[in-house]
Amino acid sequence: MVKIFIDPGHGGNDPGAVANGLKEKDLTLKIAKKIRDKLQQYQNVQVKLSREGDQTLSLKQRTDMANVWGADAFISIHINAGGGTGFESFVYPNVGQATRNLQNAVHSEVMKTFSGFRDRGKKQANFHVLRETKMSAVLTENGFIDTKKDADFLKSEANLRKIGEAHALGVAKYF
């Protein structure tokens, strides 16, 4: 049984980035549920979300849940801000090949959904959710909430479904 832990970023009293009538915490939860729904169609896959609704969780609570559950992969979903455009993914610096393979698989599939958007690259960062998890972990930044083109794309339920399904396909290809 493969165990996939999905972490919709932010939530509760932490909305994340807010712009163009959108809140990061709402978009990340929608995308995470789409990933879960698609992954649950595969046999021998268990999926757990760090949050199922609009609740506040610390970074430590998120990583502790994944570690205690014994997840095989950790996917943290975010929406970027800062005036850019496009998609990027992150892993912890100096990780093993397995984690790089997970990043490559997810990044490749999600970029197909974001065709026409800038590929901001596969990056490394010292983020808590990447550093403190005991399994392969990747964090994705799915467009920029404060850039009109990206925000308009993220306002579409069909596009959110495509983003979620692309994450799921990347995870499936990894395993």
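This text goes with the structure placed above it.
Here we summarise the structure given alongside this text.

Cut-offs and rules
Residues numbered from 1 in each chain as written. Predicted model: local features only at pLDDT ≥ 70, side-chain atom pairs only at ≥ 80, totals over all residues. Heavy atoms only, no water. Phe/Tyr/Trp six-rings, centres within 6.5 Å; stacked < 30°, edge-to-face > 60°. Buried < 20%, exposed > 50% of the residue type's maximum accessible area, 1.4 Å probe, protein only. Lys NZ or Arg CZ within 6 Å of the ring centre and 35° of its normal. Helix = DSSP H or I, 4+ residues; strand = E, 2+ residues; numbered from the N terminus. Contact = heavy atoms within 4.5 Å. Axes fitted to C-alpha atoms, helices over the stretch in contact; angles between N-to-C directions. Parallel < 35°, antiparallel > 145°, perpendicular 65-115°, else oblique. Left-handed = near helix turned anticlockwise from the far one by under 90°. Nonpolar A, V, L, I, M, F, W, Y, C, P; charged D, E, K, R; others polar. Pairing = 2+ DSSP bridges. Core = buried A, V, L, I, M, F, W, Y, C linked by side-chain atoms within 4.5 Å. Expected span 1.5 Å × (residues − 1).

**What to know about the packing of aromatic side chains**
Part 1 of the argument: Overall, the coordinates contain 8 aromatic pairs when judged by the stated rule.
Part 2 of the argument: Taken together, a centroid distance of 5.3 Å and an interplanar angle of 85° make the contact between Phe 114 and Phe 117 edge-to-face.
Part 3 of the argument: Judged by relative accessible area, Phe 117 falls into the buried class, the value being 12%.
Part 4 of the argument: Ring centres of Tyr 174 and Phe 175 lie 4.7 Å apart, and the angle between their planes is 80°; this geometry places the pair in the edge-to-face category.
Part 5 of the argument: On the accessibility criterion, Tyr 174 (22% relative accessible area) is partly exposed.
Part 6 of the argument: Under the relative-accessibility criterion, Phe 175 is labelled partly exposed at 44%.
Part 7 of the argument: Positioned over the ring face of Phe 117 is Lys 149, at 4.5 Å from the centre of the ring.

**With respect to the environment of Pro 93**
Part 1 of the argument: Within the secondary structure layout, Pro 93 lies in the loop between strand 6 (87-91) and helix 3 (97-113).
Part 2 of the argument: Excluding its chain neighbours within four sequence positions, the residues that come into contact with Pro 93 are Gln 124, Ala 125 and Asn 126.

**With respect to the packing of helix 1 (residues 24-39) against helix 6 (residues 157-174)**
Part 1 of the argument: Their axes nearest at 8 Å, the elements helix 1 and helix 6 cross at an angle of 50°. Taken together, the axes of helix 1 and helix 6 lie oblique to each other. At the point where helix 1 passes helix 6, the crossing takes the right-handed sense. Packed against helix 1, whose contacting residues are Leu 27, Lys 30, Ile 31, Lys 34, Ile 35, Lys 38 and Leu 39, the element helix 6 presents Glu 157, Leu 160, Arg 161, Ile 163, Gly 164, Glu 165, His 167, Ala 168 and Val 171 at the interface.
Part 2 of the argument: When the residues that make up the contact of helix 1 with helix 6 are grouped by side-chain class, the tally is 8 nonpolar, 2 polar and 6 charged.

**Quick notes on unusual backbone geometry**
Part 1 of the argument: In this model, Asn 44 sits at a positive phi of 60°, which is unusual for a non-glycine residue.
Part 2 of the argument: Within the element layout of this structure, Asn 44 appears in the loop between helix 1 and strand 4 (45-49).
Part 3 of the argument: In this structure, Asn 94 takes a positive phi of about 60° despite not being glycine.
Part 4 of the argument: Relative to the helices and strands, Asn 94 resides in the loop between strand 6 and helix 3.

**Examining the sheet that holds strand 5 (residues 73-80)**
Part 1 of the argument: Pairing is mixed across the open sheet formed by 6 strands, whose spatial order is 4-1-5-8-6-7. Each end of this open sheet is capped by a strand with a single partner; those strands are strand 4 and strand 7 (119-124). With direction set aside, neighbouring strand axes in the sheet form an average angle of 20°.
Part 2 of the argument: By the bridge criterion, 5 bridges tie strand 6 to strand 7 in an arrangement that is parallel. Counterpart to Phe 87 in the pairing with strand 7 is Asp 119.

**Points about the nonpolar core**
Across soluble globular proteins, you tend to see nonpolar side chains buried next to one another.
Part 1 of the argument: Within the largest apolar cluster, 37 residues are counted, with the highest numbers of intra-cluster contacts made by Ile 4, Ile 6, Leu 39 and Phe 114.
Part 2 of the argument: Of all the secondary-structure elements, those providing two or more residues to this core are strand 1 (2-8), helix 1, strand 4, strand 5, strand 6, helix 3, helix 5 (148-154) and helix 6.
Part 3 of the argument: Ranked by the residues each element gives to this core, the list is headed by helix 1, at 6 residues.
Part 4 of the argument: If we skip the residues at most four places from it in the chain, Ile 4 touches Leu 39, Val 45, Gln 46, Val 47, Lys 48, Trp 69, Ala 73, Ile 75, Val 171 and Phe 175.
Part 5 of the argument: Counting 12 residues, the second-largest nonpolar core is a separate cluster that includes Trp 69, Phe 74, Phe 90 and Met 135.

**A word on helix 3**
Part 1 of the argument: If you check helix 3, its first and last C-alpha atoms are 25 Å apart, about what 17 residues at 1.5 Å a residue would give, namely 24 Å.
Part 2 of the argument: Among the residues of helix 3, Thr 99, Leu 102, Gln 103, Ala 105, Val 106, His 107, Glu 109, Val 110, Met 111 and Thr 113 are the ones counted as buried.

**Remarks on the pairing of strand 5**
Part 1 of the argument: In terms of residue burial, strand 5 counts as a mostly covered element, since 8 of its 8 residues are buried.
Part 2 of the argument: Covered by surrounding structure in strand 5 are Ala 73, Ile 75, Ile 77 and Ile 79 together with Phe 74, Ser 76, His 78 and Asn 80, the residues of both alternating faces.
Part 3 of the argument: The pairing of strand 1 with strand 5 spans 5 bridges and is classified as parallel. Counted as the bridge partner of Phe 5 is Phe 74 from strand 5.
Part 4 of the argument: The sheet contact formed by strand 5 and strand 8 (residues 136-144) spans 7 bridges and is parallel. The residue of strand 8 that forms the bridge with Ser 76 is Leu 139.

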